[in-house]
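# Commentary on secondary and tertiary structure
For reference, the chains in residue letters:
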Amino acid sequence: MTSPKYFINWTTFKKSWEDVTVAHWLKYPNPFSNHVLSEECFTSDPSRVQDVVERRVEDGKLCTVRFIVKKQRIPASLMWMVPNRHKACYVKETSVIDPVNQECTITTENLNCRFISLVIETLKYKGVKMCETVMERRTLISSKIDRIQNYTFERYQKNIVNTDKGMMCVLGLLDECQRQGLTGHLA
Amino acid sequence: MNSISDECTPLKHDYDLCFNSWYSEKFLKGIPSTECEELFKTYQTCVKKALVERGLEIPDFSPTKEENNGTDGQDA
């Protein structure tokens, strides 16, 4: 049995914590979410379907569960091997947003396709200054097959570059998005 | 972004519009308000039915567990 791989990094956004959490709800679609369309399912960014399954405010914290459907990213030549119920990727996203302490935790995990690999990502956004928010990303990637796990891990590391660029774009922090007038959401 | 069911998509869009405004203008400012609840109920009824029809399990809602997971990150 292969041991899971762990990934951790930190990203600083020069924006208020409030703006960053607003961007979380507005970030799809963005120009960078299309770049990863041909990648594998669970680590790719663009969501075509997003539904809120549960939502409530508890002790001043907003708790939400979303059900997200993404396109299957397995190469077309291998799709015949994939059972019907795994032709699309289902992702569960749970978030807890605490405005008093300026903390936002978002966990995503793939619900199907686990026979290929399991990816659990936890993002924590913490307001550190008036206009500065730090995001901590912790991810577990696990597969029974070593090669698939390494492949998924590598793809994941490449894809999060676009994920973060998409976030920066929505936040108006990316020059190329501003030049192309793509930063509309929070302006 | 669309709903899993075309039938629910307009309900989702109406709700999302309400939610986005509520989130910025009320929730983040600590102002209690239930202005989107009716839209949410209508949308939820539609989406839950759509999930059941597709044989999809509705994911569990467990914020406490998720918060704990966030601390050490990986034991989910």
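For the structure itself, look to the data block above.
In short, a report on the structure. (Residues numbered from 1 in each chain as written. Chains lettered and ligands numbered in written order. Predicted model: local features only at pLDDT ≥ 70, side-chain atom pairs only at ≥ 80, totals over all residues. Heavy atoms only, no water.)

### A closer look at the overall build of chain A
Basically, it comes down to this: Only DSSP runs of H or I covering at least 4 residues are called helices, and only runs of E covering at least 2 are called strands; the numbering of each starts at the N terminus. Under the scheme applied here, a residue whose accessible area is under 20% of the maximum for its type counts as buried, over 50% as exposed, and between as partly exposed, the area being computed with a 1.4 Å probe on protein chains only. Contacts between residues were defined by any pair of non-hydrogen atoms, one from each residue, lying within 4.5 Å. Reported accessibility uses the Shrake-Rupley method at a 1.4 Å probe radius. Residues are deemed covered only where the shown protein chains occlude them.
From N to C terminus, chain A includes three helices and seven strands. Counted from the first residue to the last, chain A has its helices and strands arranged as β-α-β-β-β-β-β-β-α-α. Buried positions account for 59% of the 187 residues belonging to chain A. Residue pairs in contact within chain A that sit at least 24 positions apart in sequence constitute 57% of those at least 6 positions apart. Surface summary for chain A: the accessible area is close to 8,600 Å², and the carbon and sulfur share equals 53%.

### So, the overall build of chain B
Helices and strands together make up the secondary structure of chain B, namely three helices and zero strands. Helices and strands appear in chain B in the N-to-C order α-α-α. A separation threshold of at least 6 residues defines the contact pool for chain B, and within that pool the share at least 24 residues apart is 49%. Accessible surface, chain B as shown: approximately 4,300 Å² in total, 53% of it carbon and sulfur.

### Some details on a nonpolar patch on the surface
All names here are of chain A. The line we're drawing: A residue counts toward a patch only above 30% relative accessible area and without a salt bridge, and it is joined to like-charged neighbours within 9 Å or, for Val, Leu, Ile, Met, Phe, Trp and Tyr, to nonpolar neighbours within 5 Å. For salt bridges, the criterion is a side-chain nitrogen of Lys or Arg within 4 Å of an Asp or Glu carboxyl oxygen.
Together, L78, W80 and M81 make up a nonpolar patch on the protein surface, roughly 390 Å² of accessible area in all. Looking at where W80 falls in the secondary structure, it is placed in the loop between β3 (61-71) and β4 (88-98). Residue classification places W80 among the exposed residues on the basis of a relative accessible area of 70%.

### Section: the interface of chain B and chain A
The cut-off we apply is this: Buried area counts how much accessible surface, traced with a 1.4 Å probe, disappears from two parts once they are put together, with both parts' losses summed. Two N or O atoms form a polar contact when they lie within 3.5 Å of each other; inside protein one atom must be a possible hydrogen donor and the other a possible acceptor, and for residues adjacent in sequence the pair counts only when both atoms belong to side chains.
The interface of chain B with chain A comprises 33 residues on the first partner and 44 residues on the second. Buried surface at the junction of chain B and chain A, both sides included, amounts to about 3,300 Å², of which 64% is carbon and sulfur. Here chain B is connected to chain A by one salt bridge. A salt bridge links K48 of chain B to E54 of chain A; its shortest N-O distance comes to 3.6 Å. Linking chain B with chain A are 10 residue pairs in polar contact (both at pLDDT 80 or more), by the criterion used here. Sorting the residues of the side of chain B that touches chain A by element identifies α1 (9-27), α2 (37-53) and α3 (63-72) of chain B as the ones contributing at least two each. Considering each element in turn, the side of chain B that touches chain A owes the most residues, eight residues, to α1 of chain B.

### Thoughts on the state of the cysteines
Note the threshold: Whenever a pair of cysteine sulfur atoms sits within 2.5 Å, that pair is classed as a disulfide.
Counted under the stated rule, the structure contains two disulfides over all chains. Two residues share a disulfide in this structure: C8 of chain B and C46 of chain B, whose sulfurs sit 2.2 Å from each other. Every disulfide takes its handedness from the sign of the S-S torsion; for C8 of chain B and C46 of chain B that torsion is -90°, giving left-handed. Linking C8 of chain B in the segment before α1 with C46 of chain B in helix α2, this pair joins segments that are 38 residues apart in sequence. Taking only the cysteines that form disulfides and numbering them from first to last, chain B has the pattern 1-4, 2-3. As a non-bridged cysteine, C113 of chain A has C89 of chain A as the owner of its nearest cysteine sulfur, 3.1 Å distant. Free of any disulfide, C131 of chain A has its nearest cysteine sulfur in C104 of chain A, 17 Å distant. In this structure C131 of chain A comes out as partly exposed when scored by relative accessible area, which is 47%.

### Some thoughts on the sheet that holds β3 of chain A
All names here are of chain A. Note the threshold: Criterion used throughout: strands pair if DSSP finds at least two bridges between them. A fitted line through C-alpha atoms represents every axis, and for helices the fit uses only the stretch in contact; the resulting angles, taken between N-to-C directions, go from 0 to 180 degrees.
Taken in spatial order, the seven strands of this open sheet run β1-β7-β6-β5-β4-β3-β2, and their pairing is antiparallel. Looking at the sheet topology across the chains shown, the edges are occupied by β1 (5-13) and β2 (49-58). Put simply, the sheet's adjacent strands are angled 15° from each other on average, direction ignored. With nine bridges connecting them, β2 and β3 associate as antiparallel partners.

### Side note on the pairing of β3 of chain A
It is a general feature of regular strands that their side chains alternate between the two faces of the sheet. Residue and element names in this part refer to chain A. In terms of residue burial, β3 counts as a mostly covered element, since nine of its 11 residues are buried. Count of turn residues in the β2/β3 antiparallel hairpin: two residues, of which D59 carries a positive phi of about 50°. The pairing of β3 with β4 spans 10 bridges and is antiparallel. Within β4, the residue paired with R66 across the bridge is E93.

### Looking at the nonpolar core
The condition that has to hold: The criterion is simple. A nonpolar core is a set of buried Ala, Val, Leu, Ile, Met, Phe, Trp, Tyr and Cys residues joined through side-chain atoms within 4.5 Å.
Of all hydrophobic cores here, the largest spans 47 residues; its most connected members are F13, L62, F67, I97 and Y125 of chain A together with I4 and Y23 of chain B. Core analysis: the second largest hydrophobic core is formed by six residues, F7, V119, I141 and Y156 of chain A among them.

### Thoughts on the packing of α1 of chain B against α2 of chain B
All names here are of chain B. This is how it is decided: Definitions for this section: a left-handed crossing has its near helix turned counterclockwise from the far helix by less than a right angle. A right-handed crossing has that turn clockwise. Only Asp, Glu, Lys and Arg are considered charged, only Ala, Val, Leu, Ile, Met, Phe, Trp, Tyr, Cys and Pro nonpolar, and every remaining residue, Gly among them, polar.
One can describe the packing of α1 onto α2 by two numbers: an axis separation of 9 Å at closest approach and a directional angle of 145°. Where α1 crosses over α2, the two elements pack in a sense that is left-handed. Touching L11, K12, D14, Y15 and C18 of α1 are L39, F40, T42, Y43 and C46, all from α2. Its residues assigned to classes, the contact of α1 with α2 comprises seven nonpolar, one polar and two charged.

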